[in-house]
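Now for the letters of each chain:
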Amino acid sequence: MDVPQPVQPQNALQKSRQTRTLAITGGKGGVGKTTVALNLAIALSEQGWKVLLLDADTDLANVSIMVGAYPRQTLADVVAGRCAMQDVITTTHGGLDVIPGASGVQACMDLTEQGSLKVLRSLHDLESRYDFVLVDTASGLQAITLHMIAASELACLVVTPDPSSLTDAFSLLKVLKRRGYRRTPAVIVNMAQGASQARSVYQRFNAACQRHLQLSLHYLGALWRDETLRQSVLDQVPVTALPESDPSCHQFHSLAEMLNVHVGGLPPQKASIAAYWHRASKRSSASAAGEPSGSGPVKSSGQQCHELITKLEQVITSARGDAMLCYEAFGRLFALLGSTPDADTVEIVQTGLAAMNWDGLEDHDRAKLARHLRHLADELSPIPLEPVAPPLDLKPLKEPMYDRISFGEQDQLVRALREKPADVRLEDLLTALAGKGR
């Protein structure tokens with residue numbers, strides 16, 4: 001494939017070897033997160049920046065598919081030692097480099113401290129050669145998604161006018177806030193009908209975050225819903241491969257310019273994604289060995305909790321076939337969680353249910369669980385019964401009859417109605433005719 005070479009930035013002062021890392025994320029699937037990540041990365045690359053896109057969606061890793069490429073090797077092969085980091089890079093439109101992640105992203109997080117050194121050093125060396133590293137994360141509240149957001153300098157949250165998109169994005173920010181996330185996320189409103197709708201969506205979402213999370217968001221920009229963008233996904237050709245004058249392509253270049261201005265005002269990031277992964281694997285290794293992960297002799301409750309969770313995970317994983325062990329362990333955990341239920345308990349249960357892989361459940365087991373949850377929902381908040389309507393009066397109605405005695409012959413009544421003066425009410429006329437008849 002002949003790939004056009006990107007032009008160099010006109011303003012040389014903007015060029016910096018400080019790598020800016022962005023996590024393109026969303027609260028739910030279907031918001032166009034991968035489409036935004038891919039086209040934004042290509043737009044940045046075509047503007048002269050050296051850009052790397054890491055496909056970290058462990059569920060639906062499809063960045064490569066969207067550009068018509070089917071890589072034989074991914075980051076998982078690097079972790080397994082079957083190839084070098086440079087071997088998995090795919091160069092596509094505008095000179096954009098893509099690392100197909102798939103299960104390799106999770107594998108990096110699961111490596112021991114010693115096992116991760118070689119892979120993460122390669123990733124660190126690779127990162128330092130780029131101006132932008134964009135990470136297409138998985139949707140939802142998965143642990144790997146939260147890690148990727150924490151490792152990145154800026155989280156770009158993709159939302160749509162769909163209320164469920166905003167609700168799920170709010171839940172993601174709420175979980176991040178509780179885990180100590182202190183940066184200001186940026187919002188991209190996708191599939192908007194126009195600028196006024198996009199601004200309204202952002203303002204309502206930002207107001208809810210300010211009121212309930214004490215978190216202010218940054219409005220990065222909006223993308224319009226159009227047929228060209230939808231067709232580009234089917235054709236496996238990004239819209240940013242079109243001439244920049246095309247409206248669908250131009251909107252991503254405008255978004256890239258706004259992003260460049262915004263990150264230019266952010267303080268330099270202290271550590272790379274690879275460094276974050278190394279710290280995470282180091283904490284995991286220390287917890288698994290029973291060593292204190294803190295610097296002081298006394299462990300905090302948080303440190304003890306993380307160590308116990310790690311040990312429980314190891315025990316459950318090694319005894320995966322022991323159903324009774326899992327039943328007892330999680331039964332006691334839920335009993336402890338529900339001993340003093342409150343609003344946090346509700347959120348924890350919601351987050352836990354959303355993180356489970358229900359797609360892997362058999363149909364009959366899924367139906368059984370759904371029936372149980374409906375029954376539980378009825379017990380928690382019964383739906384009030386509608387008031388019973390009074391019984392209908394089914395007595396036979398009298399057939400209407402023309403009163404010839406009161407109004408005379410029908411043709412006379414019709415003539416009188418036709419000749420009725422405009423200033424005389426119909427009720428007065430009928431009353432007069434009835435009185436005359438009597």
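Everything numeric in this text was worked out from a predicted model, so none of it was measured.

> Just give me the short version of the sheet that holds strand S7 (residues 186-192), but keep the residues and values in it.
Here eight strands make up an open sheet; going across it, the order is S3-S4-S2-S5-S1-S6-S7-S8 and the pairing mixed. The sheet terminates laterally at strand S3 (90-91) and strand S8 (218-224), the two strands that pair on one side only. Judged from the four bridges that link them, strand S2 (residues 51-56) and strand S4 (residues 97-100) form a sheet pairing that is parallel. Bridging from a neighbouring strand, Leu 54 pairs with Ile 99 of S4. Helix-sheet contacts for helix H10 (residues 247-264) involve strand S1 (20-25), strand S5 (132-137), strand S6 (154-159), S7 and S8, and the interaxial angle to S8 is about 170°.

> Describe unusual backbone geometry, and please don't skip the residues or the numbers.
Of note, Met 191 is a non-glycine position whose phi angle comes to about 60°, a positive value. Relative to the helices and strands, Met 191 is located in strand S7. Non-glycine residue Gln 214 carries a positive phi angle of around 50°. Note that Gln 214 resides in the loop between helix H8 (195-213) and S8. Under the relative-accessibility criterion, Gln 214 is labelled exposed at 61%.

> Summarise the side chain of Asn 39; cite the residues concerned and give the values.
Looking at the secondary structure, you find Asn 39 in helix H1 (residues 33-46). The class of Asn 39 is buried, set by a relative accessible area of 1%. A polar contact of 3.2 Å, which involves the side chain of Asn 39, links it to the backbone nitrogen of Val 239. For Asn 39, the residues in contact, after removing those within four places along its chain, are Leu 229, Pro 238, Val 239, Thr 240 and Phe 252.

> Describe the packing of aromatic side chains, naming the residues involved and giving the relevant values.
Evaluated as defined, the whole model comprises two aromatic pairs. Ring geometry for Tyr 202 against Tyr 219: centres 4.9 Å apart, planes inclined by 40°, an arrangement best described as tilted. Here the residue Tyr 202 occupies a position in helix H8, and Tyr 219 occupies one in strand S8, the gap between them amounting to 17 residues. Assigned by exposure class, Tyr 202 and Tyr 219 land together as buried.

> Now, about the pairing of S4: what can you tell me, with residues and values included?
Judged by which residues are buried, S4 turns out to be covered on both faces: Asp 97 and Ile 99 on one side and Val 98 and Pro 100 on the other are all buried. As defined by bridge partners, S3 adjoins S4 across two bridges and the pair is classed as antiparallel. Counted as the bridge partner of Thr 90 is Val 98 from S4. Turn length for the S3-S4 hairpin, with the two strands adjacent in sequence and antiparallel, is five residues, and the turn residue Gly 94 shows positive phi of about 70°.

> Any details on the pairing of S2? Residues and values, ideally.
Across a regular strand the side chains alternate sides, sitting on one face of the sheet and then on the other. Within S2, six of the six residues are buried, which leaves it mostly tucked inside the rest of the structure. Because side chains alternate across S2, one face comprises the buried residues Val 51, Leu 53 and Asp 55, and the other comprises Leu 52, Leu 54 and Ala 56, equally buried. Two strands pair when backbone bridges link them, and S2 and S5 are joined in this way by six bridges, in the parallel orientation. When the sheet's bridge partners are listed, Leu 53 is paired in S5 with Leu 134.

Analysis parameters
Residues numbered from 1 in each chain as written. Predicted model: local features only at pLDDT ≥ 70, side-chain atom pairs only at ≥ 80, totals over all residues. Heavy atoms only, no water. Pairing = 2+ DSSP bridges. Helix = DSSP H or I, 4+ residues; strand = E, 2+ residues; numbered from the N terminus. Contact = heavy atoms within 4.5 Å. Axes fitted to C-alpha atoms, helices over the stretch in contact; angles between N-to-C directions. Buried < 20%, exposed > 50% of the residue type's maximum accessible area, 1.4 Å probe, protein only. Polar contact = N/O pair within 3.5 Å; in protein donor to acceptor, adjacent residues only side chain to side chain. Phe/Tyr/Trp six-rings, centres within 6.5 Å; stacked < 30°, edge-to-face > 60°.

None of the figures reported here should be taken as evidence of function without further support.
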